[in-house]
Amino acid sequence: MELDAAAGPSAAAAPAKDTAQKMDVDRPKQGGGKGFELPWVEKYRPTNIRDVVGNEEAVARLRAIAEEGNIPNIILAGPPGTGKTTSILAIAHQLLGPNYKEAVLELNASDDRGIDVVRNKIKMFAQKKVTLPPGRHKIVILDEADSMTPGAQQALRRTMELYSNTTRFALACNTSSKVIEPIQSRCSIARFTRVSDAQVLARIKQVIEREGATATPEGLEAIVFTADGDMRQALNNLQATHTGFGDVTPDNVFKVCDQPHPTLIREVLQACIAGRLEQAYTGMKALCDQGYSAMDVITTLFRVCRNAPSVPPFSEFMQLEFLREIGFTHVRIGDGVNSRLQLSGLLARLCRVASSGAQPQQQQQQQQQGGQQQQRPQAVAG
């Protein structure tokens, strides 16, 4: 019995020890493993308003607000990935400091933001008492405010009036016209534009240097091309390419981003300029057979045509006519008429414009010469 009693605790401890060892093995290691790596968008998000890239005028206004401390109700309007949310978060951190968690309410498009949320959650937050330094206010951040229902915006209007002494509202949206007029009249509007290619390139070079990634100059140009002024898109594409392939090269970038390669689109455009419809259609059909949608093709075609140099025979007049035809087709595809027939008709119209590209210039010169000849007899008669 004594032997059994003595063996009992050790026998009971052995399974516990094995279980502990298993738990230690199963527990993920803390530290900088690749599984725990933050998205670079969050890792390199600026925490100070001075570090926001692009939109110098809007950022200068926001910096003055942050230094003064008295933030008004404000609407930040502009395309995605230009720094709207980052700017307002940086201002909130700078103004509120350690009271940020208690004095800031952030609601995104993923949250339920109907009229009940405005009447209950936002109103209760506005009524909540928070000890803040003198001259500071609680901040309600409504991201993608243009997706709020009109009823919720109407309810928000009254809340903004009642609690203006203690709470300020910051609304970020892509299109300010989708915010109702009463809210616009109560807010200061800061408009953001797309970040320039040079600024995007400079920032992704900094990120590559800090991460120790390898990239070719052509690969960086491909990142900038796919981003199209969207800093968030640029960082996401850069991280995805680096994680998936290691080296940032043009081919790897376009594999990750799943966009038609600009070189193939450029070949289609050159065939249209030369008036070779069959060659242009063959290139376009190859892109469609690879699985690209009509919207992917028309979007990349517009950007390639817009950035193409105006070198004869591709004159500036022809470039403008090409952009007009591409725009009309883009509208039709956006309305749902996205068959291959639309792209084929576009190529035919581009070839027709290219074949008659020199005629409008000749006609314009003839009209100018005719006008000068008509003015001369009048001058003699005078």
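Residues numbered from 1 in each chain as written. Predicted model: local features only at pLDDT ≥ 70, side-chain atom pairs only at ≥ 80, totals over all residues. Heavy atoms only, no water.

Filter applied, for reference: UniProt positions are given in the numbering used here, feature names are shortened, and annotations may be inferred rather than shown by experiment.
In the annotation of an unreviewed UniProt entry, the entry for the protein chain reads Replication factor C subunit 2, and the organism field reads Raphidocelis subcapitata. According to its UniProt record, the protein chain has this under Subunit (unreviewed entry): "Heterotetramer of subunits RFC2, RFC3, RFC4 and RFC5 that can form a complex with RFC1." Regarding the protein chain, the relevant UniProt record gives this comment under Subcellular location (unreviewed entry): "Nucleus".

### Some remarks on the overall build of the protein chain
Condition: In DSSP terms, a helix is any run of H or I states spanning at least four residues, a strand is any run of E spanning at least two, and both are numbered starting from the N terminus. Burial status follows relative accessibility: with a 1.4 Å probe on protein chains alone, a residue under 20% of its type maximum counts as buried, one over 50% as exposed, and anything between as partly exposed. In what follows, residue pairs with any heavy atoms lying within 4.5 Å of each other are defined as contacts. Method for areas: the Shrake-Rupley scheme with a 1.4 Å probe, in which residue coverage is limited to the protein chains shown.
Counting its regular elements, the protein chain contains 18 helices and seven strands. Buried residues in the protein chain amount to 41% of all 382 residues. Sequence separation of at least 24 residues holds for 73% of the intrachain contacts in the protein chain that already meet a minimum separation of 6. Surface accessibility of the protein chain: about 21,700 Å² in total, with carbon and sulfur atoms responsible for 51%.

### A few points about the packing of aromatic side chains
Stated precisely, the cut-off is as follows: Ring pairs are drawn from Phe, Tyr and Trp, using the six-membered ring of Trp, whenever the two centres fall within 6.5 Å, and their geometry is named by plane angle: stacked under 30 degrees, edge-to-face over 60, tilted for the rest. Here, a charge over a ring is recorded when the distance from Lys NZ or Arg CZ to the ring centre is within 6 Å and its angle to the ring normal is within 35 degrees.
In total, this model carries two aromatic pairs according to the counting rule given. Its end group placed over the ring of Phe125, Lys138 keeps NZ or CZ at 5.5 Å from the ring centre. Sitting over the ring of Phe225, Arg303 keeps its end group 4.4 Å from the ring centre.

### Considerations on the sheet that holds strand β5 (residues 188-191)
To keep things clear, this is the line we draw: The rule for pairing is simple: two strands pair if DSSP sees at least two bridges between them. Where helices are involved, their axes are fitted lines through C-alpha atoms of the stretch in contact, as for all axes, and angles between N-to-C directions lie from 0 to 180°.
With respect to topology, five strands assemble into an open sheet ordered β2-β3-β4-β1-β5, the strand pairing being parallel. Each edge of the open sheet is held by one strand with a lone partner, namely β2 (104-107) and β5. Each neighbouring strand pair of the sheet contributes to a mean axis angle of 15 degrees, computed without reference to strand direction. Taken together, the six bridges between strand β3 (residues 138-143) and strand β4 (residues 167-173) define a ladder with parallel strand orientation. Bridge pairing in β4 places Asp143 opposite Ala172.

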